[in-house]
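# What the coordinates show
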Amino acid sequence: MKIIAADVIVSSPDRNFVTLKITTDEGLTGLGDGTLNGRELAVASYLTDHVVPLLIGRDPHRIEDTWQFLYRSAYWRRGPVTMAAIAAVDVALWDIKAKAAGMPLYQLLGGASRTGIMAYGHASGRDLPELFDSIRLHLDLGYRSIRVQTSVPGINAVYGVAAQPGVDGKRYDYEPAQRTPLPAEEDWDTRSYMRHLPGVFEAVRNEFGPELPLLHDGHHRMTPIQAAKLGKALEPYDLFWLEDCTPAENQEALRLVRQHTTTPLAIGEVFNTVWDYQTLIREQLIDYVRSAVTHTGGITAMRKLLDFAAQYQIKSGIHGPTDISPVGMAAALHLDLAIHNFGIQEYMQHGALTNEVFRQSFSFTDGYLHPGERPGLGVELDEEAAARFPYQPAYLPFNRLKDGTVHDW
C-alpha cells in the first residue's frame, strides 16, 4: 500500500479546524487533526509546504518510521506547530491501519481496558445562582464530573465563563478565540481571584454534596507560591484536580506547589512533547497529564508519554475542548479506552455545524464516552459541507494587570 495523496482542509464550522486527509492507492483514507487555536494557518502551511510532499509514495503502515522521520529529519524539533502537524499525519495513519484491519482503532492499541470513559463538563456562572444552574444543566446532560469556573468581582472577563459576552452571541467558553483584527484585551487580578474562589467551592459543596467530582482550571495565572496557597485553601472541598495552577515550563516550580498542598494537580495542555514532563513525572509533581493528542505528536507519542506516566501512578486527563476537532477527540477516546492509567476525559460538545462537517460514531451515555465500533477512528469528513465554512481569522484573548502589565491568560 502506498500514499498517493494528502490534502489539508481548513474549515470553520462553529470555529476553525485543520484536517489532514491521507489517501492510499487501495482507496483507504485516514483523517488527522492539526488544529492549533489561533495559529491554524501556520500548521496548514507546515503541512502543505513541508510535510505533504514527504508523504507521497510512503507505506502508510510504517507509522513509527514515519513519525521518527518527520520529527528528526526537520532538524528543528518540537514546538506546537511541528507537533500538531506530526499529530495530524500520525492519527491519519492509525485511522488507515485500523480500517485496513477492519476494526476500531482501540483494538489495535491492545483492546478495551474499560467499558466507558468518564468525562467531565464545563459549568460556569457570573454568580452563584447562575453557576448552580449551569451545574444542574450539566448533570441533566449526563455529566457526572464537573469543572467549575466563575466570574470574579472587579474583573470584567474571566476565562471559562460561558455567560460573558462572546462574539456573535456565541458562548465565550465554547470559543474564546474572537474574530477580531487583533487579540482582545482582558483584565486580571490574582489576589481578587484567590480571595473569591474558595468561597465558591464551599457554596458548591454545600449545594451539591461531597460525592460530586469537582475540577477547576487556574489557566497558568498564578506564581508557584500563589498556586501553593490556593491549592491548600481548596483542600477542604476535595477537588478532583486543580489544573494548570502555574506556568509549568519551569518544571521545578511544581516542587514548591507540591510541598504545600495535597490538592491533586493536572498540568500540560500547552505542552507538546514528553520532554516537557520529564521532571514532573519522574518526581511525581503532578497527578494527571493534560496534553492533547492533537498537539503532542499524535497517538504514537501520547501512548509513550502515558506509559511513562504510568510507572509513577500518574493518570491521563487528555485535553478535549471544542478547539480539538471531532477527529482529535476520537483519537483521544480510542487511546482512553485502551490504556490502563486512564483518569478522566475533558468533553465539550461540538456545535451543530461542526457535527455536520464531521460525522462521528462516538457516544456519550450516563457520563461515559465510547469511541464506537466502526473501523478506524469512526469519523468521516463531509468535504462539501466543510467547503461551505471557509477559514475566518480569530485570536485568543490576552490579559493585562491593573498597572498594564501583560499577564498569562
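Under an unreviewed UniProt entry, the name given to the protein is D-galactonate dehydratase family protein, and the source organism is Micromonospora coerulea.

All right, on to the packing of aromatic side chains then. Geometrically, a pair of aromatic rings is defined through the distance of the ring centres and the angle of the planes. Tallied over the full model, the rule gives 16 aromatic pairs. When the ring of Phe308 is compared with that of Tyr312, the centres are 5.8 Å apart and the planes differ by 90°; the resulting orientation is edge-to-face. Grouping aromatic residues by their ring pairs yields a cluster made of Tyr120, Phe240, Trp241 and Tyr288. One residue, Arg15, lies across the ring of Phe17, its end atom 5.0 Å from the ring centre.

Before going further, it helps to spend a moment on the nonpolar core. As a rule of thumb, nonpolar side chains are buried together in soluble globular proteins. Grouped together as the largest cluster of nonpolar side chains are 110 residues, with contacts concentrated most on Ile22, Leu47, Val89, Val289, Val293, Ile299 and Leu335. Counting residues in hydrophobic clusters, the runner-up holds seven residues, among them Tyr120, Leu215, Tyr288 and Ile344.

Its 14 residues place the ends of helix α5 (residues 128–141) 20 Å apart at the C-alpha level, agreeing with the 20 Å of an ideal helix rising 1.5 Å per residue. Those residues of α5 that sit buried are Leu131, Phe132, Ser134, Ile135 and His138. The buried residues of α5 occupy one face: seen down the axis, they fall within an arc of 160°. Of the exposed residues in α5, those oriented more than 90 degrees away from the buried face are Pro129 and Asp140.

Attention now goes to the pairing of strand β5 (residues 146–150). Across the five residues that make up β5, a large majority, five, are buried. Burial along β5 is two-sided: Ile146, Val148 and Thr150 facing one way and Arg147 and Gln149 facing the other are all buried. Here five bridges tie strand β4 (residues 117–125) to β5, and the two strands are oriented parallel to one another. Each residue of the ladder has a partner; that of Gly125, found in β5, is Thr150. Assessed by its sense of winding, the connection that carries the chain from β4 through α5 to β5 is right-handed.

Pairing between the strands of a sheet is mediated by backbone hydrogen bonds and can be parallel or antiparallel. Taken in spatial order, the three strands line up as β6-β17-β18 in an open sheet, and their pairing is mixed. Two strands close off the open sheet at either side, each with one partner strand: β6 (185–187) and β18 (406–407). Note: strand β17 (residues 398–400) against β18, two bridges, orientation antiparallel. Among the inter-strand pairings, Asn399 is bridged to a residue of β18, identified as His407.

Take the packing of helix α2 (residues 63–73) against helix α3 (residues 80–101) next. Direction vectors running N to C along α2 and α3 enclose 165°, while the axes themselves pass 10 Å from each other. In terms of their interaxial angle, α2 and α3 are classed as roughly antiparallel. For the element pair α2 and α3, the recorded crossing hand is right-handed. Between α2, through Ile63, Thr66, Trp67, Leu70 and Tyr71, and α3, the contact on the second element is made entirely by Met83, Ile86, Val89, Asp90, Leu93, Trp94 and Lys97. Tallied by class, the residues present in the contact of α2 with α3 amount to nine nonpolar, one polar and two charged.

Analysis parameters
Residues numbered from 1 in each chain as written. Predicted model: local features only at pLDDT ≥ 70, side-chain atom pairs only at ≥ 80, totals over all residues. Heavy atoms only, no water. Phe/Tyr/Trp six-rings, centres within 6.5 Å; stacked < 30°, edge-to-face > 60°. Lys NZ or Arg CZ within 6 Å of the ring centre and 35° of its normal. Core = buried A, V, L, I, M, F, W, Y, C linked by side-chain atoms within 4.5 Å. Buried < 20%, exposed > 50% of the residue type's maximum accessible area, 1.4 Å probe, protein only. Helix = DSSP H or I, 4+ residues; strand = E, 2+ residues; numbered from the N terminus. Expected span 1.5 Å × (residues − 1). Arc of directions from axis to C-beta. Pairing = 2+ DSSP bridges. Right-handed = clockwise from strand over helix to strand, strands pointing away. Axes fitted to C-alpha atoms, helices over the stretch in contact; angles between N-to-C directions. Parallel < 35°, antiparallel > 145°, perpendicular 65-115°, else oblique. Left-handed = near helix turned anticlockwise from the far one by under 90°. Contact = heavy atoms within 4.5 Å. Nonpolar A, V, L, I, M, F, W, Y, C, P; charged D, E, K, R; others polar.

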